[in-house]
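# An overview of the molecular structure
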Amino acid sequence: MEKGKVYLIGAGPGDAGLLTRRAYDVLQTADVVLYDSLVGDAILSLVPAGCRKIAVGKRAGNHLLPQEETNVLLLREALDGNCVVRLKGGDPFLFGRGGEELELLAENAVAFEVIPGVTSAIAVPAYNGIPVTHRDWASSVHIITAHRRAGKTDPINYKALVEMGGTFVFLMGVRALPEICAGLMEAGMPAETPAAVLERGTTASQRRVVATVQTLPEECEKEQIGMPAIIVVGEVCRLSEEFAWAEERPLAGEKILLMRPRQLIREFAGRLREKGAEVLEVPLIETRLIEPNPQLDAAFASLCEYQWLVFTSPSGVRLFFEALAARRQDLRSLMRCRIAVIGEGSRRELEKHGFIADFMPETYTGEALGRELCAYLKGQRKQDGNCLPEQQTSSGDDPAGEENLRILIPRAKEGNPELVSHLKEFAVEDLPLYETVPLEPGILDLKELVQKGEITTAVFTSASMVRSFVQVLGETDLRGVRAACIGKQTAAAAEAAGMQIFVAEQAKIESLEKLIQEMHG
Ligand code: SAH
């Protein structure tokens, strides 16, 4: 996207799926993002790691940066030649002060673009089963701010509203709820008119109170409704009972933390969102090829001399082929290799590169892989069909060849030692291919989210991920964290850190998904 330009973007009401495609694309190329406190966590977690992030904006009464300073900051960042994103909750022009922020830019002839967002005024009712208009109930909708500008008194004209009829949506009005309801009734609205307050709509913690204009303030007091919330007044509110759908989704109410690199979890995150969970993508670790790597160079130079290649993770597979391509070596150098994988994920990754695995153990651990592969190579094949069928006569049938089988295991720098020890009767070469490095957490304050008990489930796919998490959270008490772990080793690390542990039946993503569903109950 263009440099020296400001993109005024509406982020929608919270659900990551309601961010527009245009907004997402521009966000990926931003040099700096100035964001509001109203922008949802799931959306903030999509802001790319590389760009600068500045918290501005407001939460009624708690100004982080005065509006004038935000305006000047936008101008300065654009004049410095940056691609500047101003990210706002909902739609930027609906009570978002978007207009004010553009004035200074226009005066200084700085280029800008406005990317409209899904407004909470319509989407939050929708997520609560309330259509803001309806042929039988309301032929107009009025969106009203209950927040007055300091020092100005331009009271809401309740009389005019009641005369017009239709649905009324009040934003920034929770504190003024009793006055609003009283004002409407004084202006002649029947006390039994349906009315609702909808809190944190479209997120995992959305709540609603549906009552009448007369009883709503008291009901909200009882339920301790907090912010942000909108008030909806009108006959359409009675439809929420019949039409409410968001809570019916299988993972509704779950706020799930994923910490793997985004490209590896996009599909998984998508499936969890499909089931109604709010998903935070906060990569805490990254896998990197070890470069330079003379041992790898040597192995690649004589790839045709290995009879077996063994992969212990999807990342290992991906990085292996990446390293191969980087050395301008093509797939024919693997023509004579047979390939073993640790489990489903690696098998799938391998298939993306056009190879079908020759062997996969019954249990997806390094120990089982070593043990079962050894048995397989020695000709003691398993009967239960979990091993993939033979494609050619195994060298294992050749007593002279077996001992000298050359096996290459390109994997993480500190891989599980049990794998190699089970295979030591062969000519095994343990090849450190990549390492796992911790990443700086992005924009979200994980510590705060954990302390407030906002995250319902944290998903761990390796012990190194647990270590990064613990490091980021410092001294925080982790007893409240429900950890969904991919395997025993990971669970042991999470338990040692004090978390409540839940372990997937098998070390694969599908099992994790099932586990999360079971944890949800
Ligand atoms: N531009 C925004 C509104 C900004 S005013 C939009 O188009 O949605 C801020 C008010 O929006 C809040 O006080 C609250 O009334 C409402 N709001 C924003 N997000 C909300 C959400 N997820 N749930 C309920 N109300 C929300």
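These numbers come from a predicted model, not from an experiment.

### Digging into the packing of helix α10 (residues 262-274) against helix α20 (residues 509-520)
Viewed as axis vectors pointing N to C, α10 and α20 meet at an angle of 25°, and their least axial separation amounts to 11 Å. Taken together, the axes of α10 and α20 are roughly parallel relative to one another. Handedness of the α10/α20 crossing: right-handed. Two secondary-structure elements touch here, α10 through F268, R271 and L272 and α20 through I509, L512, E513 and I516. Per-class residue counts for the contact of α10 with α20 are 5 nonpolar, no polar and 2 charged.

### Considerations on the pattern of salt bridges
Across all of its chains, the model carries 39 salt bridges by this definition. Between R288 and E286 there is a salt bridge; the shortest N-O distance is 2.9 Å. Residue E448 pairs with K452 through a salt bridge whose shortest N-O separation is 2.8 Å. Owing to a relative accessible area of 38%, E448 belongs among the partly exposed residues under this scheme. Take K452: its relative accessible area is 56%, and that puts it in the exposed class.

### Looking at the nonpolar core
Within the largest apolar cluster, 48 residues are counted, with the highest numbers of intra-cluster contacts made by V33, V85, L87, L257, F460, F469 and M499. Among the elements that take part in this core, helix α18 (residues 463-473) stands out by supplying 4 residues, more than any other. Built from parts of two domains, this core gets at least three residues from each of domain 1 (5-118) and domain 3 (255-284 + 439-520). Setting aside anything within four residues of it in sequence, one finds F460 in contact with M259, M465, V466, F469, A483, A484, C485, I486, T490 and M499. Residues Y306, L319, C337 and A412 belong to the second largest nonpolar core, which totals 28 residues.

### A few points about the sheet that holds strand β20 (residues 500-503)
Reading across the sheet, the 5 strands line up as β12-β11-β18-β19-β20 and stay open at both edges, with parallel pairing between neighbours. With one partner strand each, in any of the chains shown, β12 (278-281) and β20 form the two edges of the open sheet. Across the sheet, the mean angle from the axis of one strand to that of its neighbour is 25°, orientation sign disregarded. Docked against the sheet, α20 engages β11 (255-258), β18 (457-460), β19 (482-485) and β20, running at close to 150° with respect to β19.

### A word on the packing of helix α12 (residues 314-326) against helix α13 (residues 344-352)
In contact at an axis separation of 7 Å, α12 and α13 are set at 25° when each is read in the N-to-C sense. With respect to α13, the axis of α12 lies roughly parallel. Here α12 runs over α13; the crossing is right-handed. For the pair α12 and α13, contact is made by P314, V317, R318 and F321 and by G345, S346, E349 and L350, respectively.

### A closer look at the sheet that holds strand β16 (residues 406-412)
Taken in spatial order, the 5 strands line up as β13-β17-β16-β14-β15 in an open sheet, and their pairing is mixed. For this open sheet the edge positions go to β13 (285-289) and β15 (338-341), each flanked by a neighbour on one side alone. In this sheet, neighbouring strand axes are inclined to one another by 25° on average, regardless of whether the strands run parallel or antiparallel. As paired strands, β16 and strand β17 (residues 427-438) are joined by 7 bridges and run parallel to one another.

### Side note on the pairing of β18
Here β18 shows no split at all, with T457 and V459 on one side and A458 and F460 on the other all buried. Sheet topology places β11 next to β18; 3 bridges connect them, and they run parallel. The partner of L257 across the bridge, within β18, is A458. Remark: the β18/α18/β19 crossover connection has right-handed handedness.

### Here's the deal with the environment of D15
For D15, the position within the fold is in the loop between β1 (5-10) and α1 (21-28). With residues up to four places along the chain from it excluded, the contact list for D15 reads I43, Y127 and T202. Separated by 2.8 Å, the side chains of D15 and Y127 make a polar contact.

### Overview of helix α4 (residues 98-107)
Turning to α4, its buried residues number three or more, namely G98, E101, L102 and L105. One side of α4 holds all its buried residues, which, seen down the axis, span an arc of 95°. Set apart from the buried face of α4 by more than 90 degrees, the exposed residues are E103 and E107. The elements touched by buried residues of α4 are β1, α3 (67-79), β4 (83-88) and β5 (111-115). Following α4 by one or two positions, A109 adopts a phi angle in the positive range, close to 55°.

### As for the packing of aromatic side chains
For the structure shown, the criterion picks out 9 aromatic pairs. Clustering of aromatic rings is evident, with ring pairs tying together F300, F311, F320, F321 and F355. Over the aromatic face of Y306 sits the side chain of R406, whose NZ or CZ is 4.6 Å from the ring centroid.

### Here's the deal with the site of the ligand
Around the ligand sit 18 residues, and of these D91, L94, T119, S120 and A229 come closest. Within the backbone of G89, one N or O atom sits 3.1 Å away from a nitrogen atom of the ligand. Contact between the ligand and A229: an oxygen atom at 2.7 Å from a main-chain N or O atom of the residue. Summarising the interface, the protein chains cover 94% of the accessible area of the ligand, which totals 550 Å² for the free molecule. Looking at the shell around the ligand residue by residue, the classes come out as 11 nonpolar, 5 polar and 2 charged.

The rules behind the values
Residues numbered from 1 in each chain as written. Predicted model: local features only at pLDDT ≥ 70, side-chain atom pairs only at ≥ 80, totals over all residues. Heavy atoms only, no water. Axes fitted to C-alpha atoms, helices over the stretch in contact; angles between N-to-C directions. Helix = DSSP H or I, 4+ residues; strand = E, 2+ residues; numbered from the N terminus. Parallel < 35°, antiparallel > 145°, perpendicular 65-115°, else oblique. Left-handed = near helix turned anticlockwise from the far one by under 90°. Contact = heavy atoms within 4.5 Å. Nonpolar A, V, L, I, M, F, W, Y, C, P; charged D, E, K, R; others polar. Salt bridge = Lys/Arg side-chain N within 4 Å of Asp/Glu carboxyl O. Buried < 20%, exposed > 50% of the residue type's maximum accessible area, 1.4 Å probe, protein only. Core = buried A, V, L, I, M, F, W, Y, C linked by side-chain atoms within 4.5 Å. Domains from an automatic or database assignment. Pairing = 2+ DSSP bridges. Right-handed = clockwise from strand over helix to strand, strands pointing away. Polar contact = N/O pair within 3.5 Å; in protein donor to acceptor, adjacent residues only side chain to side chain. Arc of directions from axis to C-beta. Phe/Tyr/Trp six-rings, centres within 6.5 Å; stacked < 30°, edge-to-face > 60°. Lys NZ or Arg CZ within 6 Å of the ring centre and 35° of its normal. Near = heavy atom within 4 Å. Areas by Shrake-Rupley, 256 points an atom, 1.4 Å probe, with all protein chains shown as cover.

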